[in-house]
Amino acid sequence: MSSNSGSGMSTLLTEIVRAIECMRPANGRIRVSVAREAKWEKSTSNGDEVLVRWLCWSVEDGEKEIVPPQFAVVSVNVTEERLRHELPARFPSVDIIVDDDIDA
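The structure contained in this document is the topic of the report that follows. (Residues numbered from 1 in each chain as written. Predicted model: local features only at pLDDT ≥ 70, side-chain atom pairs only at ≥ 80, totals over all residues. Heavy atoms only, no water.)

In this section: the nonpolar core. Among the nonpolar cores identified, the biggest contains 24 residues, and I30, V32, L55, W57, L83, L87 and F91 are the most heavily contacted of them. When contributions to this core are tallied by element, the ones reaching two or more residues are helix 1 (9-23), strand 2 (28-34), strand 4 (49-61), strand 5 (64-75), helix 2 (80-90) and strand 6 (95-99). If we ignore the near neighbours within four places in the chain, the residues touching L87 are L13, V32, I96 and V98. A35, C56, V73 and I102 belong to the second-largest nonpolar core, a separate cluster that totals 6 residues. (Core = buried A, V, L, I, M, F, W, Y, C linked by side-chain atoms within 4.5 Å. Buried < 20%, exposed > 50% of the residue type's maximum accessible area, 1.4 Å probe, protein only. Helix = DSSP H or I, 4+ residues; strand = E, 2+ residues; numbered from the N terminus. Contact = heavy atoms within 4.5 Å.)

As a further point, take helix 1. When the terminal C-alpha atoms of helix 1 are compared, their 21 Å separation across 15 residues agrees well with the 21 Å that a helix rising 1.5 Å per residue should span. Close packing links the buried residues of helix 1 with strand 2, strand 4, strand 5 and helix 2. Backbone geometry just after helix 1 places R24 at a positive phi near 45°. (Expected span 1.5 Å × (residues − 1).)

Along the polypeptide, P88 turns up in helix 2. Once the C-alpha coordinates of P88 and I30 are considered, the two residues, 58 residues apart in sequence, prove to be 9.8 Å apart. Sequence-distant contacts of P88, that is, excluding residues within four places in its chain, are made with L83 and I96.

Set out below in structure tokens:
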């Protein structure tokens, strides 16, 4: 599980970029699921309660999963709508699937 500070987007994008660069999928697809509802979780750094969203992402090459699901805790500002807008702009040559199909 990744614990991302700030918006969580920069760390998340960095992890996805690394996965795609390492795997170089011919028919790449990024699948991202983000919780619609935020949850209060205890911070691993200082023990405070923080409002976050759970997110899960994976990378596929065709029908084959090449990066298994990776769970992350991100800011409440990271929403399904935001991901639908920002991920295709960042990864124009990769098919992007964004949904809220996550149980965290």
